[in-house]
Each structure stands twice: as structure tokens, then as C-alpha cells.
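Examining the three-dimensional arrangement
As a plain string of letters, each chain reads:
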Amino acid sequence: MRIDVLTIFPRMFEGPMTEAILYRAQEVGLVDLRVHDLRDYTTDRHRTVDDYPFGGGPGMVMKPEPLFAAVDAVTAVAGRPQRIILTTPQGRVFDQDLAWELSRQRHLLIICGRYEGVDERVREALVTDEVSIGDYVLTGGELPAMVIIDAVVRLIPGVVGGEESVYQDSFEDGLLEGPQYTRPREFRGLAVPEVLLSGHHEAVRRWRRRQALRRTLERRPDLLARARLTDEDRAMLEELRREGPVL
Ligand code: 6GU
């Protein structure tokens, strides 16, 4: 997958995109990430990327010309990206479904929104997707772009070792994950649940499922409405609701 990023802060990407899994994905050629400095696509002496809003008002607006020029330059060397994403608090809230959808594309381009906004013609003529990462305000779209890249890249086949883990994570079946334990069996008087040491695979599976359901019921009951539940899940939930919260 090729990912182009347009930003006025290209150095913000240096740390997060050059470590661990994201770095390895690029090293082995599964991801070709190109971060572009928007100022390289300006034509004036001051490399201006923003301007005052027509009609007045506070704040600055990102100018259309550098963004169009940068998209044209990317298109000339790599073809038209399949999705052109603008990070903005006004966008669709990013979730695992959108991460999967984007992971199946060959070429993404992400425009990092900044300042008070972006000239509307960029939205009209360039952008295919406006994406927010949640209901809170950040200073710009760089961190959201990195969040999106991380969530999308790990879903590309071959990027995460042990494909299984990708499918077992929280949200893949719409539930939170239950508790995990490793050695030692007892630590500062706190014991690992007996069932996990039993070697009884079916009992372990049922216990884990029940814990995942309990955690989701207690912390994110809103997720249950959209979760993929079996008859066994529904029976467990019924039981958990009858028992009430465990303190
Ligand atoms: Cl995409 N941009 C900004 N500035 N703030 C945000 C956001 C995006 N998503 C959540 N908050």
C-alpha cells in the first residue's frame, strides 16, 4: 500500500512512523509511506499555506493552491489515490470498520487539517473522506493521521506477525477483551484464576468469552447492540445481567 501524507509539520511523523511495526512494514515493502511538506508546494517567497477567511472572523484557513498542487504532484508520479482523506473534527468518527475498509485500498492520501479549517473547495473537489478520531479537540490533524495509519497498516496481510491476533483483538467481534495473565502463578498474594491452569480447553474458552462479555457489559454496553453474538453469548449475558455487577 502507498500512503501519501500532506502536512505542514512533516517532522511530527519521524518518531511514530520509524519505529516497531510501522517501520518494519516499510522495510519489507508492504507499505510505502511518503510524508510531504505542504510548504514545498507553495509558490510565494514566504511559503504561505494559510490566509484570512473571506467574510472575516477569527483564525486562518488553509489555502487551496498548495493542497491541489501537492495532490497533482502525487497523482503524476503514483496515479490518483483511491481515497483522499481529510482529518477534521467534523468528519465521520474513525472505527475498526473504516480501518478494514481503508486497509483494502492500494493508495491512500491523507491531508492533515490545521488551523481553523480548510478552504471548502478542497473538500468539494479533492477529498473523498472526512475523518475524525473522536469527540475532543486537537491542535491539528497530524496525530489523527498517525492514528489512522497505525490502525490501517496493522491490518495489511503480513504486517503483524501471527495473523490470528489481529482477529482476536478487541472490537473485531464487537466485544472488549477479557483479562490476560502470565507467569508467575501467584504474585504478591494475587493468584491467576484456576481455570486457566486447568488445561481444560473448552472450560478456558467459555471462561474467556464470559469475561469478555462481562467487561463489555460493564464498560461499553453500547457495543453489545452491534456485537456479533452467538446463542451461547446471549445465554451468558442473561446470566451476567441476573448476577449484577461484581465489585
Ligand atoms: Cl481529525 N482533527 C482535530 N483537529 N481534532 C480532532 C480530530 C481531528 N479528531 C478528533 N479531534
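These numbers were taken from a predicted model, which means no experiment stands behind them. (Residues numbered from 1 in each chain as written. Predicted model: local features only at pLDDT ≥ 70, side-chain atom pairs only at ≥ 80, totals over all residues. Heavy atoms only, no water.)

1. What to know about unusual backbone geometry
Look at the link from R183 to P184: it is a cis peptide, with omega at 5 degrees. One can find P184 in the loop between helix 7 (163–168) and strand 9 (186–187). Of note, the phi angle at A20 is positive, near 55 degrees, even though the residue is not glycine. One can find A20 in helix 2 (residues 20–27). In this structure A20 comes out as exposed when scored by relative accessible area, which is 61%. Its identity is not glycine, yet R188 carries a phi of approximately 50 degrees, on the positive side. Here R188 lies in the loop between strand 9 and strand 10 (190–191). According to the relative accessible area criterion, R188 is exposed, its value standing at 75%. (Helix = DSSP H or I, 4+ residues; strand = E, 2+ residues; numbered from the N terminus. Buried < 20%, exposed > 50% of the residue type's maximum accessible area, 1.4 Å probe, protein only.)

2. Some points on helix 3 (residues 64–78)
Over its 15 residues, helix 3 runs 21 Å from end to end, which matches the ideal 21 Å to within 8%, given 1.5 Å per residue. All of the buried residues in helix 3 are P64, P66, L67, A70, V71 and V74. Positive backbone phi, at 80 degrees, marks G79, one or two positions downstream of helix 3. (Expected span 1.5 Å × (residues − 1).)

3. Examining the pattern of salt bridges
The final tally for this structure, using the stated rule, is 20 salt bridges. As a salt-bridge pair, R123 and E130 come within 2.9 Å of each other at their nearest N and O atoms. The partner of D233 in a salt bridge is R209, with the nearest N and O atoms 2.8 Å apart. Within this pair, whereas D233 is found in helix 10 (residues 231–243), its partner R209 is found in helix 8 (residues 201–219), the two being separated by 24 residues in sequence. Beyond isolated ion pairs, a larger network of salt bridges with shared partners links E202, R205, R206 and E232. (Salt bridge = Lys/Arg side-chain N within 4 Å of Asp/Glu carboxyl O.)

4. Some points on the site of the ligand
Around the ligand, a shell composed of T87, T88, P89, V131, S132, I133, G134, Y136, L138, G140 and P144 is seen. At a separation of 3.3 Å, a nitrogen atom of the ligand approaches a polar side-chain atom of S132. Take I133: an N or O atom from its main chain is 3.0 Å from a nitrogen atom of the ligand. For the ligand, whose free accessible area comes to 290 Å², the fraction covered by protein is 96%. Mapped onto the shell around the ligand, the elements with two or more residues apiece are strand 5 (83–93) and strand 8 (129–132). In terms of residue count, strand 5 provides more of the shell around the ligand than any other element does, three residues in total. (Near = heavy atom within 4 Å. Polar contact = N/O pair within 3.5 Å; in protein donor to acceptor, adjacent residues only side chain to side chain. Areas by Shrake-Rupley, 256 points an atom, 1.4 Å probe, with all protein chains shown as cover.)

5. Observations regarding helix 10
Residues spaced three or four apart along an α-helix point in a common direction, a consequence of the helix completing one turn every 3.6 residues. End to end, helix 10 covers 19 Å across 13 residues, agreeing with the expected 18 Å (1.5 Å per residue, within 8%). Along its buried surface, helix 10 packs onto helix 8 and helix 9 (221–224). Within two residues after helix 10, G244 carries a phi angle of roughly 80 degrees, on the positive side. (Contact = heavy atoms within 4.5 Å.)

6. What to know about the domain arrangement of the protein chain
Taken as a whole, the protein chain is organised into domain 1 (2–163) and domain 2 (170–243). The straight-line distance from the C-alpha centre of domain 1 to that of domain 2 is 37 Å. (Domains from an automatic or database assignment.)

7. Thoughts on the packing of helix 4 (residues 96–103) against helix 6 (residues 142–153)
Following both chains from N to C, one finds helix 4 and helix 6 inclined at 70 degrees, their axes separated by 8 Å at the closest point. As the angle between them shows, helix 4 and helix 6 are arranged roughly perpendicular. Of the residues in helix 6, those in contact with A99, L102 and S103 of helix 4 are I148, A151 and V152. The class makeup of the residues in the contact of helix 4 with helix 6 is five nonpolar, one polar and no charged. (Axes fitted to C-alpha atoms, helices over the stretch in contact; angles between N-to-C directions. Parallel < 35°, antiparallel > 145°, perpendicular 65-115°, else oblique. Nonpolar A, V, L, I, M, F, W, Y, C, P; charged D, E, K, R; others polar.)

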